[in-house]
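Listed below are the residues making up each chain.
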Amino acid sequence: MIKRLILSAMACLAIATTFADEGMWLPTHIKERIKDMRKMGFKLKADDIYSADKPSLKDAVVQFGGGCTGEFISDQGLLLTNHHCGYSSIQKLSSVEHDYLTYGYWAKSMEEELPVPGLTVSLLVSMEDVTERLANGENSADIIATATKGEGCQASIESQYYGNQHVLYVYQTYRDVRLVGAPPSSIGKFGGDTDNWMWPRHTGDFSIFRVYAGSDNQPADYSKENIPYHPKRHFKISTKGVQEGDFTMIYGFPGNTQEYVISDAVEYVANVSNPMKIALRTQRLETITEAQAKDPAVRIAYAAKHANIANAWKKWQGESLGLERLGTIEKKQRYEADFAAWAAEKPQYATLLDSMRAAYTNTAKGYFVRELFNESVGAIEAYGIARRLRNAAQEMSEEELQATHKKLLTDYNQQIDRTIATQMLTEFMARMPKEYIPQALTDGIDSRGGIKEYTDSLYNNTKILGTALPDKEQLLADPMLEFEKLFNDIVRKNSAYAYRNISNVPAIEKWYKTYMQALREWDSDRAFYPDANFTLRVAYGTVCGYENVDGEYHTHLSTLDGVIAKENPEIYDYDIPQALRDTYKNKSYGQWSIDKNGKPTVPVCFLASNHTSGGNSGSPVINGKGELVGINFDRTWRSTMSDIEFDPTICRNISVDIRYVLFIVDRIGHAQYLLNELGVN
Ligand code: ARG
Ligand code: GLU
């Protein structure tokens, strides 16, 4: 049985190595991967990617704004990331008179670069395996305290392989980051939610920032006196483009994968969690979409919210379908049966799977309650506003409180929220295990004669959704704050389940430490990489298309002709700037022109087989020579189960071709200042 399993794994590997590779490796793993990488076309050495004591490509990669990745492209701290990663910064700097979201922004000199209050960029200074130090009794707080001596330094010890390895990460955070360039949203978000997670794709998903430092190159608060940060390394851009089969590597900060979880966890995700979350979000999205269609102001006010809700909603659907198609649950069950047969004779492992299954059984309800609460009551905007106001009332002066209130109501639409509140309370009442439903809520609904009546009375009587906020005393007695308080108990109980995935709840996670050790003994041919957890990773693969459905091959490159074929001024997601139409009409592509079937066009996006996840947005896509050829921004819809099972035949990451980025900077932005700095004019 085991033999057969290994054989089929090898057969898969044999196909896989020709065009794909699963895995998100720690930079320190590269020494073990480099042979494989070189076979696939990588030309540099392991310590070019990561070195503990000399500058390496890792010094050119940053964590951008908390959840994304970015990369330096000049020795003057010029930084690339996605448009969707820079979106909230661009929005913050925009006003009706200066609408950079709609029209884009191109600084013409350093003086015109716009500081973004609150935006930070973190550089990895060092990483060190401290597993032994901890085992020898050193205290983790002491290790962290010693590591964070430098200006703007933070450190954390992250567990890899479910607690089998502990790695100390030291970061330096720069806090003067300025907007340098952004395309109009009609380019940066082209395709919108319609094309999100899809191929073919035609999105110019990039934005440009610059990191500033004090005169000593160290992090500093914003000041006019600050100077551009000099990174130890920056990426050289290649404008030669990519061909199918070319090596590519992604260097970035993926957030969350769970490749080693047992079938019970996959069953929870596929049969319990995803269906609930999808169903509830479908209703919210319908409500918002309908309101947006009626009123252009609402469309704008709810654009970012809609995009956020829809992004995960669409991903979960792809993920569930993918798990189904791959038969992941059954596959894992077979794997576990084989493992159990082997473990039966090993006293330390014999009962392990039983213990794990029992832990899932005991935890599933609590975790579901948390997820259901977040997606239902937690999705009611007025609930969130009430919660924030209650906290703010404790900490803030009357004046600050008023300002907070005003901010909370920016882009808020009461009619939408009221409808969603009725929908979400209906779901909450129907799906929540009885013992978690507050009695006062049941009574309130009964006494008003129904959920809609209850919601209406709540929204009709609250004062927190109007422009004038009542004083603190009245505020605390407001019906919406009373409503918010009803869930205190459930929120408190929830905190015991506040972990990334069900498998990370301590009662379950503790077993995975042993399970990982056992798997390494038993499945000794498998290459184990730790699950993503927002620490720096390297993924590598090749540029390639895939068979989307039987008989339909999706090629690796999209071009401007596809943008033009889709564009339509009547459709919000597919409108483009007139300048782009004109450029197409005149074929004034300059050096960015490529030949496709004998006609000139411009490359836009490309596919590759790198194993990526959320958080890899903005990651540099690197060719065999270590040069930048693109910016990662998405996966195809059929790939999204790769957070649980990676299938090399179908999983593809989507990148914007660096030549499209430069074409837009040049032909649409006319940003000569940037082209000069990049040396590509
Ligand atoms: N799917 C990509 C990611 O997960 C892009 C999301 C932003 N784009 C959008 N249309 N919502 O972040
Ligand atoms: N768009 C995602 C992000 O923001 C990356 C796509 C993915 O999940 O692979 O991180």
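Residues numbered from 1 in each chain as written. Chains lettered and ligands numbered in written order. Predicted model: local features only at pLDDT ≥ 70, side-chain atom pairs only at ≥ 80, totals over all residues. Heavy atoms only, no water.

Caption draft 1: Region of interest: the overall build of the protein chain. For the protein chain, the count of helices and strands is 27 helices and 22 strands. Taking 2.2 N^0.38 as the reference for a compact globule, 681 residues should give roughly 26 Å; the C-alpha atoms of the protein chain span a radius of gyration of 26 Å, in line with that estimate. Dimensions of the protein chain, computed from the C-alpha atoms along their principal axes, are close to 75 × 70 × 60 Å. Split into buried and exposed, the 681 residues of the protein chain put 57% on the buried side. In the protein chain, 76% of the contacts between residues at least 6 apart in sequence involve partners at least 24 apart. Carbon and sulfur atoms make up 52% of the accessible area of the protein chain, which amounts to about 29000 Å² in all. Side-chain charges of the protein chain comprise 74 positive and 88 negative groups, with the mean position of each set lying 2 Å from the other. (Helix = DSSP H or I, 4+ residues; strand = E, 2+ residues; numbered from the N terminus. Rg over C-alpha atoms; globule rule 2.2 N^0.38 Å. Buried < 20%, exposed > 50% of the residue type's maximum accessible area, 1.4 Å probe, protein only. Contact = heavy atoms within 4.5 Å. Areas by Shrake-Rupley, 256 points an atom, 1.4 Å probe, with all protein chains shown as cover. Lys, Arg positive; Asp, Glu negative; His and termini not counted. Charge placed at Lys NZ, Arg CZ, Asp CG, Glu CD.)

Caption draft 2: Spotlight on the sheet that holds strand 13 (residues 537-542). Strand order across the open sheet formed by seven strands is 13-12-20-21-22-19-16, with antiparallel pairing between neighbours. Of all the strands in the sheet, just strand 13 and strand 16 (557-559) have a single pairing partner and so form its edges. When the angles between neighbouring strand axes are averaged without regard to direction, this sheet yields 30°. Bridge count for strand 12 (residues 247-252) against strand 13 is six bridges, and the pairing is antiparallel. Residue pairing for strand 13: Met249 is matched across the bridge by Tyr540. Packing against the sheet, helix 26 (residues 658-668) makes contact with strand 19 (603-608), strand 21 (628-635) and strand 22 (653-657), and its axis sits at approximately 35° to strand 22. (Pairing = 2+ DSSP bridges. Axes fitted to C-alpha atoms, helices over the stretch in contact; angles between N-to-C directions.)

Caption draft 3: Looking closely at helix 17 (residues 414-431). The end-to-end C-alpha distance of helix 17, which contains 18 residues, comes to 25 Å, matching closely the 26 Å that a straight helix rising 1.5 Å per residue would cover. For helix 17, the full list of buried residues reads Ile416, Asp417, Arg418, Ile420, Ala421, Thr422, Gln423, Met424, Leu425, Glu427, Phe428 and Met429. Two to three positions downstream of the cap, the backbone nitrogen of Gln415 sits 3.0 Å from a side-chain oxygen, assigning the N-cap of helix 17 to Asn413. (Expected span 1.5 Å × (residues − 1). Polar contact = N/O pair within 3.5 Å; in protein donor to acceptor, adjacent residues only side chain to side chain.)

Caption draft 4: Geometry of the site of ligand 2. Taken together, His84, Trp197, Thr612, Ser613, Gly614, Gly615, Asn616, Ser617, Phe633, Asp634 and Arg635 make up the full set of residues near ligand 2. One of the backbone nitrogen or oxygen atoms of Gly615 is found 2.5 Å away from an oxygen atom of ligand 2. Between Ser617 and ligand 2, the recorded distance is 2.4 Å, taken from a side-chain N or O atom to an oxygen atom. Calculation on ligand 2 without its partners gives an accessible area of 290 Å², and the protein chains cover 89% of this total. (Near = heavy atom within 4 Å.)

Caption draft 5: Main features of the pairing of strand 1 (residues 61-64). The alternating pattern of strand 1 places Val61 and Gln63 on one face and Val62 and Phe64 on the opposite face, and all of these are buried. Hairpin remark: strand 1 followed by strand 2 (residues 68-72), antiparallel, with three residues in the connecting loop; positive phi at Gly65, about 55°. As paired strands, strand 1 and strand 6 (residues 121-129) are joined by three bridges and run antiparallel to one another. Bridge pairing in strand 6 places Gln63 opposite Ser122.

Caption draft 6: Region of interest: the packing of helix 10 (residues 263-294) against helix 14 (residues 352-375). Axis separation between helix 10 and helix 14 bottoms out at 11 Å; the angle between their running directions is 10°. As summarised for this structure, helix 10 and helix 14 are arranged roughly parallel, according to the angle between their axes. The residues of helix 14 that touch helix 10, namely those facing Ser263, Asp264, Ala265, Tyr268, Val272, Ser273, Met276, Lys277, Leu280, Arg281 and Arg284, are Arg357, Tyr360, Ala364, Tyr367, Phe368, Glu371, Leu372 and Glu375. Tallied by class, residues from the contact of helix 10 with helix 14 come to ten nonpolar, two polar and seven charged. (Parallel < 35°, antiparallel > 145°, perpendicular 65-115°, else oblique. Nonpolar A, V, L, I, M, F, W, Y, C, P; charged D, E, K, R; others polar.)

Caption draft 7: Expanded view of helix 12 (residues 303-326). A rise of 1.5 Å per residue sets the reference length of helix 12, with its 24 residues, at 34 Å; its end C-alpha atoms lie 34 Å apart and thus fit the reference within 8%. After helix 12 finishes, the residue Gly327 shows a positive phi value of roughly 65°.

Caption draft 8: Spotlight on the confidence of the model for the protein chain. Across the protein chain, the average pLDDT comes to 95, with 97% of residues at 70 or higher. For residues 1-20, every residue scores under 50 in pLDDT, and the model assigns this stretch 18 contacts once sequence neighbours within four places are set aside. (pLDDT = per-residue confidence, 0-100.)

Caption draft 9: Expanded view of the packing of aromatic side chains. In the structure shown here, the tally under the stated rule is 29 aromatic pairs. Relative to Tyr171, the ring of Tyr169 has its centre 6.3 Å away and its plane inclined at 15°; by these criteria the two rings are stacked. Both rings, one in Tyr174 and one in Tyr229, keep their centres 4.6 Å apart while their planes meet at 50°; by these two values the pair is tilted. Of this pair, Tyr174 sits in strand 8 (residues 165-174) while Tyr229 sits in the loop between strand 11 (227-228) and strand 12; the two residues are 55 residues apart in sequence, bridging distant segments of the chain. Among the residues examined, Tyr229 registers a relative accessible area of 7% and is labelled buried. Ring pairs connect the aromatic residues Tyr162, Tyr335, Phe339, Trp342, Tyr349, Tyr512, Tyr515 and Trp522, which therefore count as one cluster. Over the aromatic face of Trp25 sits the side chain of Arg33, whose NZ or CZ is 4.0 Å from the ring centroid. It is Arg178 that lies over the ring of Tyr212; its NZ or CZ is 3.6 Å from the centre. (Phe/Tyr/Trp six-rings, centres within 6.5 Å; stacked < 30°, edge-to-face > 60°. Lys NZ or Arg CZ within 6 Å of the ring centre and 35° of its normal.)

Caption draft 10: Structural context of the state of the cysteines. Under the counting rule described, the total for this entry stands at one disulfide. With its sulfur 2.2 Å from that of its partner, Cys68 forms a disulfide with Cys85. Here the S-S torsion is close to -75°, and the disulfide linking Cys68 with Cys85 is therefore left-handed. You can see Cys68 sitting in strand 2 and its partner Cys85 sitting in helix 4 (residues 83-93), a full 17 residues away along the chain. A single burial state applies to Cys68 and to Cys85, both of which are buried. Here Cys651 stays unpaired: no disulfide links it, and the sulfur of Cys544, its closest cysteine neighbor, is 11 Å away. In this structure Cys651 comes out as buried when scored by relative accessible area, which is 1%. (Disulfide = S-S within 2.5 Å.)

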